[in-house]
Number of protein chains: 2
Amino acid sequence: MPEIDGARLLRDLRHLAEFGRYKSGVHRPTFSPQDVESRQWLVGCLREAGLAAEIDGIGNIMSTSPASGPKLLIGSHLESQSHAGWLDGAMGVIFGLEVARAFREDPTCRDLGIEVAVFADEEGHFGSFLGSRSFIGELSDEDVAKAANRATGQPLTEALAQAGFGGRPRYVLEPDRHVGFIEAHIEQGDTLESTGRRVGVVTSIVGIWTYEIVFEGQQNHAGTTRMAARKDAGFALTELCHAISKRFPEVAGERSVWTTGRIRLEPGAPSIIPGRADMYFQFRDAEPERLQAMERALEELVEASDKAGPCRASLRALSRSVPNVMALPIQAALEEAAERHAPGSALRMPSGAGHDAQYLARRLPAGMVFVPSIGGISHHWTEDTADADLVLGCQVLATAAETLLRAA
Amino acid sequence: MPEIDGARLLRDLRHLAEFGRYKSGVHRPTFSPQDVESRQWLVGCLREAGLAAEIDGIGNIMSTSPASGPKLLIGSHLESQSHAGWLDGAMGVIFGLEVARAFREDPTCRDLGIEVAVFADEEGHFGSFLGSRSFIGELSDEDVAKAANRATGQPLTEALAQAGFGGRPRYVLEPDRHVGFIEAHIEQGDTLESTGRRVGVVTSIVGIWTYEIVFEGQQNHAGTTRMAARKDAGFALTELCHAISKRFPEVAGERSVWTTGRIRLEPGAPSIIPGRADMYFQFRDAEPERLQAMERALEELVEASDKAGPCRASLRALSRSVPNVMALPIQAALEEAAERHAPGSALRMPSGAGHDAQYLARRLPAGMVFVPSIGGISHHWTEDTADADLVLGCQVLATAAETLLRAA
């Protein structure tokens, strides 16, 4: 059995966190100098681990193993959200590196190949899952040409050129090269912590359906317009929010989530009745049928608001991603490995967040393993995971990898 | 009886609307070139009407009559909201001018004095009722020095200097000079129109109580945070709005109004649970007891939200203006005049909006007369009133003025 080196794992994780360090987290946006340096450092680590590693024309890092037998792909992303945590993405990459080293050091595993992948811009500074979409052949040159930084407006092509990656070819997944793909990641929620478990075996990555709801009323004077004569778009909006809060628990599943992330009233002054109001509403679930039922409920509520008047209400879908089921053999291997190293520690659970694995799952068997997030915190510099959970998670990944490769 | 000249009245109103014309309305912010020109034009009109007129150091126009007998003050404001209506304020000023002319032309009224006042910045481009507060001696030099344009940041003193009013003295109301003050104004609501009346006799100007309500929750990932684990500040806010919509009709009076004018969720992204949310909430009523009852209800609802958790909710009063009762003899004179010129046309009603008259009422008997607003529209360039209603309103004002002056 390949045995990981926990001290080496933690040392490399902490070293990586120095690139763009911010308080106890990191600020390492895609293709910032700190991000580019971290990619170059990782290439060096992969080469030291015996892999041939290169950065491609989208900033992805791909590595190949000289092993003669079956190969498993492991990876995640290196860049961070702004002023965010040290483990989000980075952990899955360093787990891959450590598993590759463990396999190389175990004489019984020499023929089994671990290859490590880093997908650029999972955090969406320039687009949506650019690296993993490029790797599965679903990102056109035109998509690359059009992409620009959401915050600064810098074209992606310019950022790639500055990073030194401009003009390089983009690597695409080689069919049948790998038995599967596994991404290790922090949970980003508190399900593991609140249930006392230490290893999350991901069953699926949820579908995310996002909407804009607009209310059109009539802007008027907040002092002289009688209550009965008003067409208050803000009032129509908050009443819809209340109706959602009553209706959604009836149609939602046990793990469904729904969120109103933004509300705007126009013109937004204390003495003016809002003539227009809009909101973002989003829900997530792992079951396509559940997503459809929630959409139907939302459509009915918006329609009822519109029909009841006096404001017009309209619903527009901004995005609808499909849920991705994780490969059952990978789920089984991860659960079995968790049971072996820490009996009773595993919990099967969906991922409420999107991950590169959802794109890889379109081309090959894919799976994910979660470690607990302390306090459920993520996308914040206080994000953290206990050292023991990091070491356990990586060992579970190594053991599951061996099971999967030996079964191939 | 002084008889107004309807054609002359309408001609002057239309001429005034050319200063800063915008579609069928006007854009004449305080101390804009168009506003300053309109003030200079009005001074000329007042002098032609036999009054001594000057612009003072806050931009107010004050005029004095040579009549030997009792005097009545009539006026309103000249500047407009941005891209707003042609009658809001302007009408009350031109009514004063026309009534002064009608008195001068009626040999039986020669001893009765009509004096016209224009109060600067009622619309609040630089502050809150600067002109009328200055005129009643409740605006200090320090207040003037600190005031700045809300939109551009330009200091008031600089704007006054540019307009040519810098360094002039500020006129203050002379005690016992006037038997009272009357402001004519468009209704800005649809009460007259919807009841088929043509003359609003204002009984009081409502108190306006405005609050900021803040909710503190915990910002988190909208995909990975279970519904039960959330502290969604936006959800707490919209539920309070719903609770207000249930509770306020029980405590409010027939003419109370309440408005949520602004809502903000932070950070305001579709995939992030809002960690903080705030809203402006305002209510108005003419009865102090009613205002207090509404405040108690609001306090209870915010306290209940805070106690129920999981978010903290807090309430802060931003302003509480007292309702101002209009002088009963002025109400009676206006109603009697309306009955005389158009039987059954008068309606006693509170003013839901704030007006200069509420400050004048602190120093002398004050009253207001409303004309109908077509469709209840105001603070918009489509604001309008039928010509016949303008002429009737001005004649009612002239007749009531005679009654009040003869009774003095």
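In what follows, the structure referred to is the one given above.
Residues numbered from 1 in each chain as written. Chains lettered and ligands numbered in written order. Predicted model: local features only at pLDDT ≥ 70, side-chain atom pairs only at ≥ 80, totals over all residues.

Q: I'd love a proper account of the overall build of chain A, names of residues and values included.
A: Helix and strand counts for chain A stand at twelve helices and 17 strands. Relative to the compact-globule value of 22 Å for 408 residues, chain A shows a C-alpha radius of gyration of 24 Å, a close match. Going through the 408 residues of chain A one by one, you find that 57% of them count as buried. Summarising the internal contacts of chain A: among those between residues at least 6 apart in sequence, 77% fall at separations of at least 24. (Helix = DSSP H or I, 4+ residues; strand = E, 2+ residues; numbered from the N terminus. Rg over C-alpha atoms; globule rule 2.2 N^0.38 Å. Buried ≥ 20, exposed ≤ 12 C-beta atoms within 10 Å, placed from the backbone. Contact = placed C-beta atoms within 7 Å.)

Q: How would you sum up the relation of the copies chain A and chain B? Please name residues and give values.
A: With an RMSD of 0.2 Å, chain A superimposes on chain B once it is rotated by 180° and translated 0.2 Å along the axis. In the structure described here, the two chain copies are related by an operation that fits a two-fold rotation axis. Every residue of chain A has its C-alpha some distance from the rotation axis, and the shortest such distance is that of A:Thr238, at 2.6 Å. Of all interface residues in chain A, 100% are interface residues in chain B too; the two copies therefore contact each other through one and the same surface. (Least-squares fit on C-alpha atoms with pLDDT ≥ 70 in both.)

Q: Before we move on, could you go through unusual backbone geometry and cite the residues and values that matter?
A: Residue A:Gly309 is joined to A:Pro310 through a cis peptide bond whose omega torsion reads 0°. For A:Pro310, the position within the fold is in the loop between α9 (288–308) and β14 (312–320). A cis amide bond links B:Glu266 to the next residue, B:Pro267, at an omega of 5°. Its location among the elements puts B:Pro267 in the loop between β11 (257–266) and β12 (272–273). Despite not being glycine, A:Phe129 has its phi angle at roughly 55°, a positive value. By the secondary structure assignment, A:Phe129 is in the loop between β6 (113–118) and α4 (130–135). For A:Phe129, a count of 24 C-beta atoms within 10 Å translates into the label buried. Phi at B:Phe31 is positive, roughly 65°, even though this residue is not glycine.

Q: Can you tell me about the interface of chain A and chain B, naming the residues and giving the values?
A: Counting from both sides, the interface comprises 45 residues of chain A and, opposite them, 45 residues of chain B. Broken down by secondary-structure element, the contributors of at least two residues to the side of chain A that touches chain B are β9 (207–216), α8 (233–251), β11 (257–266), β12 (272–273) and β13 (276–285) of chain A. Looking at the side of chain A that touches chain B residue by residue, the class counts come to 17 nonpolar, 22 polar and six charged. (Nonpolar A, V, L, I, M, F, W, Y, C, P; charged D, E, K, R; others polar.)

Q: Now, about the environment of B:Arg255: what can you tell me, with residues and values included?
A: Inspection of the secondary structure puts B:Arg255 in the loop between α8 (233–251) and β11. Along the sequence, B:Arg255 and B:Leu112 sit 143 residues apart, while their C-alpha atoms lie 37 Å from each other.

Q: Got a sec to walk through the packing of helix α1 (residues 6–16) of chain B against helix α3 (residues 90–105) of chain B? Specific residues and values, please.
A: Residue and element names in this part refer to chain B. Packing of α1 against α3 leaves a shortest axis separation of 10 Å and a crossing angle of 140°. Accordingly, the angle class assigned to the pair α1 and α3 is oblique. Crossing of α1 against α3: the hand is right-handed. Here Arg8, Leu9, Asp12, Leu13 and Leu16 of α1 come into contact with α3, specifically with Ala90, Met91, Ile94, Leu97 and Glu98. Considering only residue class, the contact of α1 with α3 consists of seven nonpolar, no polar and three charged. (Axes fitted to C-alpha atoms, helices over the stretch in contact; angles between N-to-C directions. Parallel < 35°, antiparallel > 145°, perpendicular 65-115°, else oblique. Left-handed = near helix turned anticlockwise from the far one by under 90°.)

Q: Could you give an account of the sheet that holds β14(A), with specific residues and numbers?
A: Residue and element names in this part refer to chain A. Taken in spatial order, the four strands of this open sheet run β11-β13-β9-β14, and their pairing is antiparallel. What marks the edges here is a single partner per strand, and that holds for β11 and β14. With direction set aside, neighbouring strand axes in the sheet form an average angle of 15°. Sitting on the sheet, α8 is in contact with β9, β11, β13 and β14, with an inclination near 20° to β13. On top of the sheet, α9 reaches β9, β13 and β14; it is set at about 160° to β14, its chief contact. (Pairing = 2+ DSSP bridges.)

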